[in-house]
Structures are given as C-alpha cells and as structure tokens.
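Next come the chains, spelled out residue by residue.
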Amino acid sequence: MPKERLPPPPAPPIFSDPFAAALLPPPDESPDERSRRIQREHDAKRISDSIDEQLQLERFERKKSRSDVNVLLLGQSESGKSTTLKQFQLLYSPATFHSERIAWRAVIYLNLVRSVLRILEALAPESDALDEHDDLDSAEAGADLVISSNGRPPSAILGTRVAKYEEYRRRLAPLVELEERLTRLLAAPDEDEAVRLPSSRPSLDSARHSYRSSFESNNHTGKPTPTIIIPQRHPQIQRSVSANGSDARPKELAVRSGDWKRVFSLRMGYKSPKTPKSGEIEGWWVDPDDPVHTLHSCARAMLELWADSQVRIRLDEKRLRLQESSGFYLDEIPRITAKKYIPTDEDVLKARLKTTGVVEHTFVVNTSHNKGAHWRIYDVGGARSQRQAWAPYFDDVNAIIFLAPISAFDQVLAEDPRINRLEDSLLLWKSLVSNPLLAKVNVILFLNKCDLLQAKLDAGVRLSHHMYTYGDRPNDYESVSKYFYNKFGALHMSYSRNKERALNIHFTAVTDTRRTATIIASVRDMIIKSNLRTMRLV
Ligand SMILES: Nc1nc2c(ncn2[C@@H]2O[C@H](COP(=O)(O)OP(=O)(O)OP(=O)(O)O)[C@@H](O)[C@H]2O)c(=O)[nH]1
Ligand SMILES: [Mg+2]
C-alpha cells in the first residue's frame, strides 16, 4: 500500500517588500497571541490615521493662512509702536482692552510718580553740576545732522532756585518708596534684566565704572567701603548705593510679557469695567496696602509742585518737557489719585511701558472682502539693544508699519545721548527700505507725534537749530511736516530695492483714537488688497 503522503507545506510567499515579510504573523501563533496582535494593529492604524488627519489639517490651515496677515510694528524706542497696537486692540478686540483697564492702574501710578520724582531731581541744586557734565559730553560727541544734541548752551542751565524745594522734597518723600514698590509689583521675579535697563547716561555709568574699578583694586587695602551717590536723584531723597552693592537708580520700567497685568487685576480679583463709569467694581480702596493711599496722601503736595510758577520756570530752563512723556498725568492729579480711580481709554493709551523682546497679538479682522482673517501684529522693543530681535520676523511679514516720531528732532536717544532721535529714525528707515529681505513687503510710514510737533513749533523751538539742512525755511507746522515727508520719501525713493513699491505715508498722533481709527482702516484696506493680489499670483 502506497504510503499516504502529507500535502507539501505551502511555499513561503515571495515578498518583494522585506518589511511585509517581517510583519507576517508567526506560523505557530496561538489564538490569544493572534487577538493581541490584531488589537496592536488596530491601535497602530488609529494612530497613523490621526497623524494623516493632522497633516491634512495643517495643509488646510497653511492654505487658509494665506489670507491671514502678519504685520510688524517697527521704529525706535518711544516712537509709539505699543500705542499703535493698543489702538488696534481698541478697534478689533475691545473686550480684551476693557478687561485690562484696571491692570493699567499700576503703570499709570508709576508714570505719575516718576514724573514727580523727575521734577524733584531737576530742582535739586546738585543736578546743575550733572548738566554741565552732560553738555560737555554732547559737545565732544558731535554729529553731522545735529548742531546740539540737547539744544541748549551750558550757560542756560544754572538758574532759578525754587523756594519751596525742601518742603516739596519732604512732603513727597513717600513717593520714593512707592516707586520701588510699584516697580517690584509690576516686574515678575525673573524680569530683573528688563527692569534694570541700560543707563540713559552712559557718561555717568562710565564714571561709576571707573570708580568701582578703583574701589575694587583698593579693596585689599582694607579701606572702608565707599558709598557712591547716584546722581539722578537728589541724595537726600535717599538714592545712594554702596560701591559693591547693586545699582538702585531708577530705570525706565520694561516688562517682557503680559504677566504684569495679573498683578493688578485678576490676581486681586478686581473686575475691570467696560468704561470708567460703568458697572459695579470691587473696592481696592478698602485694602490699606493699596498704592492709591500713598498717592492720595501726596496729592496736594504734587498739585502744589506742578502749579508752582518757579518750578515751571526751572523746568523750562532745564528743557525738561514732561509733556512729551508721561507728564500728561501731571495735569490730571486729582482724578488719578482719587481712591476710586479707574483709567480711561486715553489714560491707558498714554501709559508708558517699555517693550522688550517681541510681543505677538492676534486679532480677527472682518471686512466685506475678507471675513475672519487672522491678523498677527508683532510689537517689538525699539531700543538699540532690542533691534537684533527684529530680523527673524522679516521672513513671513506682509506689511511693516514704521513709526518715526517727528517731534523728536531736538531730543536724544535714552540709550545713547550722543545720538539725535530724528537722525536715528532716518538711519533706521534707510536700512529698512534698502533691506533686500523686505523688498516685496508693504511699507507704511507713520510720521508720528504730530500733536507734539505742533506744540513744540508753536512754543518757538526751531528745527534749524537742530538740523542744519533745514536752513532758513519757515518754522511752522506745514513747512516742517512737509520737509519730513519729503526727507523720508526721498530715502525710500533712493534706497528701496523695489522701485515698484508704493509708499504710504501718514501724519499721525497715535494717542488720538478717532484720527488713528480712520488711518488704521485705510492701512487695513491697503494691506488686504495687496495681500489678495499676492495670493492670486501665488
Ligand atoms: N502726545 C503723543 N504721545 C504719544 C504719541 N505716540 C506715542 N505717544 C506716547 O509716547 C510714549 C511712548 O510710546 P510707546 O508706544 O510706548 O513707544 P514704543 O515705540 O512702543 O517704545 P518701546 O517699547 O520702547 O520700543 C507713550 O507714553 C505714548 O503714550 C503721539 O502721537 N502723541
Ligand atoms: Mg513698546
């Protein structure tokens, strides 16, 4: 009987794909192992499908984001970038603007306190010696465009004594401590670098540096630690620092993120009303530690100081124009120091807080052409030390709004008093329009602070004293503003890499809400049109 033969085992399949062979189930797989394997395969497929979906979504988002808009706000420090951003917020995200109203209270208090302390510094007899020092420095520095960096002869700085100076200093002494407290409150623990900004007086810094070095080299002699008086404050208003201690001089407050807003609003549980007059608000005024109490108790002395005609004369002599910075609040002392003070829109717009780094804000902008487009607006720090952070944002930008504060023709940079502000703006503008990376980017120029320009010219400050090239042309607003328009326009014409690019120039005062809303609407339409044109070409 022929021996029964078992059927031959199936020939192993021939796989052209070596991975398929590896994934084949093992021949001796048990039912349990089989069901675990199938479960694993299902899980893997689910994960793979979700990755595919994610990729598809990203592709879709990328396509959609072509209708979105990225705008960079550029310009030197204090040119008005953050103020412009606040105007965008007021127009396109009013709920956020209103929800932050209370948080700005701390910044406004600090702005007011610093203005008052600056006045006291200027009144101090010691400050005259400092001014002479500064004038010598500026004279040595020299600059093509500028005759004098601060526009006054050294002889103009010694002048009127204020009879009530000692009394003001004594009555306003609590503000020194309040300034420090507000600064600590606003600056997050890791924001030390941001608060300790570079000095606005390098000449004094270098003096201090050499003093410190000489102290360090002499320290081994066992001599007692010398004390350096920090000259920006009257010494008796208690501004001294030990040579081996830290610099306690006041610096302009800067914060990097929005965290500071929590300090005065959410964390304390205060509600932020839509307008200063609407709705019930929580009563911080019953908290004895709230800064408003110190301010309230110094209000009368602040008012007297600001109304004192000798003080005004002294400030004029020293060319200290507080109206150009946070001095705005000095005209509002009774309102701001009131226990139930809530900042108005204008107060928030005028609050000064220096930006460091780059801050991104997103708004949904609806127009008849373009519904629900996301606008990302990048607000950057404009100080010289901050500008290296701008370039990474050039890649993906649709438009740049460049702010040049044309009222600043008689001012110098806070970070380098040898440089005239207008000269810095012109150089910055030139390097921007000639940058090849930005050749296809829409550029909008805001010739800003026109309100201050008008006031300055009306007060008799002459442009030709600060810019040789202006010559003997009339010193009125029309002539001066036209001159700046042509000067910036000519730089664009000569240096732009893209001769087709149209330049949009606006005369602005970005603290003026109504005027700025109209300008922003026209800028918005221009950017959207240009974006649509580009999308059709891509
Ligand atoms: N009167 C007046 N004040 C302005 C105008 N634009 C800005 N300011 C004020 O100038 C100060 C500086 O403005 P910011 O918007 O903080 O300047 P910035 O360009 O963001 O400055 P950095 O953050 O240091 O780069 C603020 O107190 C503003 O209220 C303007 O057109 N007119
Ligand atoms: Mg800013």
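On a predicted model such as this, the values are computed, not experimentally measured, just so you know.

Conventions used here
Residues numbered from 1 in each chain as written. Chains lettered and ligands numbered in written order. Predicted model: local features only at pLDDT ≥ 70, side-chain atom pairs only at ≥ 80, totals over all residues. Heavy atoms only, no water. Buried < 20%, exposed > 50% of the residue type's maximum accessible area, 1.4 Å probe, protein only. Helix = DSSP H or I, 4+ residues; strand = E, 2+ residues; numbered from the N terminus. Arc of directions from axis to C-beta. Pairing = 2+ DSSP bridges. Axes fitted to C-alpha atoms, helices over the stretch in contact; angles between N-to-C directions. Donors = N, O, S within 2.8 Å, 3.2 Å for Na, K, Ca; no water. Parallel < 35°, antiparallel > 145°, perpendicular 65-115°, else oblique. Left-handed = near helix turned anticlockwise from the far one by under 90°. Contact = heavy atoms within 4.5 Å. UniProt positions renumbered as here; feature names shortened; annotations may be inferred. Polar contact = N/O pair within 3.5 Å; in protein donor to acceptor, adjacent residues only side chain to side chain. Core = buried A, V, L, I, M, F, W, Y, C linked by side-chain atoms within 4.5 Å. Phe/Tyr/Trp six-rings, centres within 6.5 Å; stacked < 30°, edge-to-face > 60°. Lys NZ or Arg CZ within 6 Å of the ring centre and 35° of its normal.

## Observations regarding helix H17 (residues 450-458)
Then, in step 1: Those residues of H17 that sit buried are Cys450, Leu452, Leu453, Lys456 and Leu457. Across the axial projection of H17, the buried residues extend over an arc of 155°, all falling on one side.
Then, in step 2: In the stretch just after H17, glycine 460 is the one whose phi turns positive, near 95°.

## Structural notes on the sheet that holds strand E1 (residues 69-75)
Then, in step 1: Across the sheet, six strands lie side by side as E6-E7-E1-E8-E9-E10; this open sheet has mixed pairing. Either end of the sheet is taken by a strand with one partner, and the two such strands are strand E6 (358-365) and strand E10 (503-507). Averaged over all neighbouring strand pairs, the angle between strand axes comes to 20°, with direction disregarded.
Then, in step 2: Pairing of strand E9 (residues 442-448) with E10 involves five bridges; the strand directions are parallel. Opposite leucine 445, over in E10, you have isoleucine 505 as the bridge partner.

## Some words on the coordination of the magnesium ion (ligand 2)
Then, in step 1: Note on the magnesium ion (ligand 2): its protein donors are Ser82 (OG) and Thr355 (OG1). The metal-donor distances range over 2.0 to 2.1 Å. Here the residue serine 82 occupies a position in helix H3 (residues 81-92), and threonine 355 occupies one in strand E5 (residues 354-355), the gap between them amounting to 273 residues.
Then, in step 2: With relative accessibility at 19%, the residue serine 82 sits in the buried group.

## Digging into the packing of helix H16 (residues 421-433) against helix H18 (residues 477-495)
Then, in step 1: Interaxial distance between H16 and H18 falls to 8 Å at its minimum, and their mutual angle equals 30°. When the interaxial angle is binned, H16 and H18 end up roughly parallel. Read as a crossing pair, H16 and H18 show a hand that is right-handed. Residues Leu422, Ser425, Leu426, Trp429, Lys430 and Val433 of H16 pack against Phe484, Lys487, Phe488, Leu491, His492 and Tyr495 of H18.

## Things to note about the UniProt feature "binding site: Mg(2+)" (unreviewed entry) in the chain
Then, in step 1: When the UniProt feature table is mapped to this numbering, "binding site: Mg(2+)" (unreviewed entry) covers Thr355.
Then, in step 2: Judged by relative accessible area, threonine 355 falls into the buried class, the value being 11%.
Then, in step 3: Polar side-chain contacts of threonine 355 include one of 2.9 Å to the side chain of serine 82.

## Concerning the nonpolar core
Then, in step 1: Leu112, Ile119, Leu172, Leu175, Met302 and Leu305 are the most contacted members of the largest nonpolar core, which has 51 residues in total.
Then, in step 2: Secondary-structure elements contributing two or more residues to this core are helix H5 (104-123), helix H7 (165-171), helix H8 (174-186), helix H12 (292-307), helix H13 (309-317), helix H14 (333-336) and helix H15 (345-350).
Then, in step 3: Tallying contributions element by element places H5 first for this core, with 14 residues.
Then, in step 4: Those residues in contact with methionine 302 that sit more than four places away from it in its chain are Leu112, Val116, Leu172, Leu175, Leu295, Ile333 and Thr337.
Then, in step 5: Counting 37 residues, the second-largest nonpolar core is a separate cluster that includes Val380, Ala404, Ile406 and Leu432.

## Digging into the packing of aromatic side chains
Then, in step 1: By the definition in use, this model includes 10 aromatic pairs.
Then, in step 2: With a centroid separation of 5.3 Å and 50° between ring planes, the pair formed by phenylalanine 402 and tryptophan 429 is classed as tilted. Note that phenylalanine 402 is positioned in strand E8 (residues 399-405) and tryptophan 429 in helix H16, a separation of 27 residues in sequence. Each of the two residues, phenylalanine 402 as well as tryptophan 429, counts as buried.
Then, in step 3: Members of the aromatic cluster, connected to one another through ring pairs, are Phe88, Tyr92 and Phe363.
Then, in step 4: In this structure, arginine 312 is placed above the aromatic ring of tryptophan 306, and the distance from its NZ or CZ to the ring centre is 3.7 Å.
Then, in step 5: For the cation-ring pair, lysine 350 lies above phenylalanine 328, with the distance from its terminal atom to the ring centre recorded as 4.2 Å.

## Focus: unusual backbone geometry
Then, in step 1: The backbone of arginine 319 shows a phi angle near 55°, a positive value even though the residue is not glycine.
Then, in step 2: Phi at lysine 449 is positive, roughly 60°, even though this residue is not glycine.
Then, in step 3: Looking at where lysine 449 falls in the secondary structure, it is placed in the loop between E9 and H17.
Then, in step 4: For lysine 449, a relative accessible area of 18% translates into the label buried.

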